[in-house]
Amino acid sequence: MSEDARLVAWVRGHVQGVGFRWFTRAKALEIGGLSGFALNLEDGRVQVVAEGARNGCEALLDWLQGDDTPGRVDGVTEIWDTPRGGYDGFAMR
């Protein structure tokens, strides 16, 4: 059984205006058991917060860093923490 975790990732590159948040939400729902959000930032990055089983968060991070995302990902910075809760599903903000 996997411990629960909180992933906060900042995705940089050409990730706004290409459906990135929608596809991130779809991927989180496909993985299952994740809650959180994807948010466009003013500096052009997308922030992704995901909470759930650590292996699910890791699967989402692998996808964010992979070649299957819309647009172009130049890099991902992530931090790990303990879950805080308070999310109702996985949202686009």
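Residues numbered from 1 in each chain as written. Predicted model: local features only at pLDDT ≥ 70, side-chain atom pairs only at ≥ 80, totals over all residues. Heavy atoms only, no water.

Trainee: If you had to explain the pattern of salt bridges to someone new, which residues and values would you point to?
Mentor: This model, assessed by the stated rule, comprises six salt bridges. Ionic pairing is found between glutamate 51 and arginine 6, a salt bridge with its closest N-O pair at 2.6 Å. Of the two residues, glutamate 51 is situated in strand 3 (residues 46-53) and arginine 6 in strand 1 (residues 4-14); the sequence distance between them amounts to 45 residues. Across this residue pair, the class does not change: glutamate 51 and arginine 6 are buried. Between arginine 84 and aspartate 81 there is a salt bridge, and its shortest N-O distance comes to 3.4 Å. Taking the relative accessible area as the measure of exposure, aspartate 81 reaches 38% and is therefore partly exposed. (Salt bridge = Lys/Arg side-chain N within 4 Å of Asp/Glu carboxyl O. Helix = DSSP H or I, 4+ residues; strand = E, 2+ residues; numbered from the N terminus. Buried < 20%, exposed > 50% of the residue type's maximum accessible area, 1.4 Å probe, protein only.)

Trainee: Describe the UniProt feature "active site" (unreviewed entry) in the protein, and please don't skip the residues or the numbers.
Mentor: Taking the UniProt record as the reference, the feature "active site" (unreviewed entry) is found at Arg21 and Asn40. Taking the farthest pair of C-alpha atoms as the criterion, the annotated set spanning 20 residues converges on one region, since that pair is 7.7 Å apart. As for its placement among the helices and strands, arginine 21 is situated in helix 1 (residues 20-31). The exposure class of arginine 21 is partly exposed, given its relative accessible area of 25%. Note that asparagine 40 resides in strand 2 (residues 35-40). If near-sequence neighbours (up to four positions away) are discounted, asparagine 40 is found in contact with Gln16, Arg21, Arg45, Val46 and Arg93. (UniProt positions renumbered as here; feature names shortened; annotations may be inferred. Contact = heavy atoms within 4.5 Å.)

Trainee: Run through the sheet that holds strand 5 (residues 90-92), naming residues and quoting values.
Mentor: The mixed open sheet is built from five strands, whose spatial order is 4-1-3-2-5. Edge positions in the sheet fall to strand 4 (72-81) and strand 5, since each has one partner strand and no second. Pairwise comparison of adjacent strand axes, ignoring direction, gives a mean angle of 15° for this sheet. Sheet topology places strand 2 next to strand 3; six bridges connect them, and they run antiparallel. Its bridge partner lying in strand 3, leucine 39 is registered against glutamine 47. Helix-sheet contacts for helix 1 involve strand 1, strand 2, strand 3, strand 4 and strand 5, and the interaxial angle to strand 5 is about 175°. Packed onto the sheet, helix 2 (residues 54-65) meets strand 1, strand 3, strand 4 and strand 5 and runs at close to 150° relative to strand 3. (Pairing = 2+ DSSP bridges. Axes fitted to C-alpha atoms, helices over the stretch in contact; angles between N-to-C directions.)

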